[in-house]
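Below are the chains, spelled out letter by letter.
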Amino acid sequence: CTGARRGGKTWKRELIAGDASRMAVVNVKSEIAGNVWKIQLKAGDRVDVDGEIMILESMKMEIPVLSPKAGVIKEIRVNEGEAIGEGQLVAVIDA
């Protein structure tokens, strides 16, 4: 399991044992506290590096949540309108 910080985004990558293609699970966490304004992707959608997964609203500003890796959205862990905290897990990507 490795962790990294990229462009202010903290993500965690876990290698899946026995997978020769080195498939990884990437946990995407919120950088800020705010409300989920709009979810752009759903489970099963492909996402590029720095692709927009969702938009958060905080202090009347819209802040995109970007993917740190290219892959497929495995889970969206929040709902539109939900209040979330800084560092909260918002999405999981198979990368």
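Above this text is the structure in question.
Read on for a plain summary of the structure. (Residues numbered from 1 in each chain as written. Predicted model: local features only at pLDDT ≥ 70, side-chain atom pairs only at ≥ 80, totals over all residues. Heavy atoms only, no water.)

With respect to the overall build of the chain
This is how it is decided: The secondary structure listing takes helices from DSSP runs of H or I that are at least 4 residues long and strands from runs of E that are at least 2 residues long, numbered from the N terminus. Two residues qualify as a contact provided that any one of their heavy atoms is within 4.5 Å of a heavy atom in the partner residue. Methods summary: accessible areas were calculated by the Shrake-Rupley approach with a probe of 1.4 Å, and residue burial reflects only the protein chains presented.
The helix and strand tally for the chain stands at 0 helices and 10 strands. Sequence-ordered secondary structure for the chain, helices as α and strands as β, is β-β-β-β-β-β-β-β-β-β. Considering only contacts within the chain whose residues lie at least 6 apart along the sequence, 50% involve residues at least 24 apart. When the accessible surface of the chain is summed, it comes to about 5,600 Å², and 50% of that surface belongs to carbon and sulfur atoms.

Examining empty space enclosed by the protein
This is how the line gets drawn: In this analysis, the protein atoms alone were mapped onto a 1 Å grid. Cavities are point sets where a 1.4 Å probe fits without being able to get out; pockets are open sets with protein on both sides within 12 Å along at least five of seven lines; lining residues have an atom within 4 Å of a point. Grid points are joined across faces, edges and corners, and a volume is the space filled by probe spheres set on the points. Each residue gets one label: Ala, Val, Leu, Ile, Met, Phe, Trp, Tyr, Cys and Pro are nonpolar, Asp, Glu, Lys and Arg are charged, and the others, such as Gly, are polar.
Tallied over the full model, the rule gives 1 cavity of 30 Å³ or more. Along the walls of the largest cavity sit 10 residues, with Lys29, Glu31, Ile63, Pro64 and Val65 positioned nearest its centre. With 4 residues, strand S7 (residues 61-66) is the largest single contributor of residues to the lining of the largest cavity. Across the lining of the largest cavity, the residue classes break down as 6 nonpolar, 1 polar and 3 charged.

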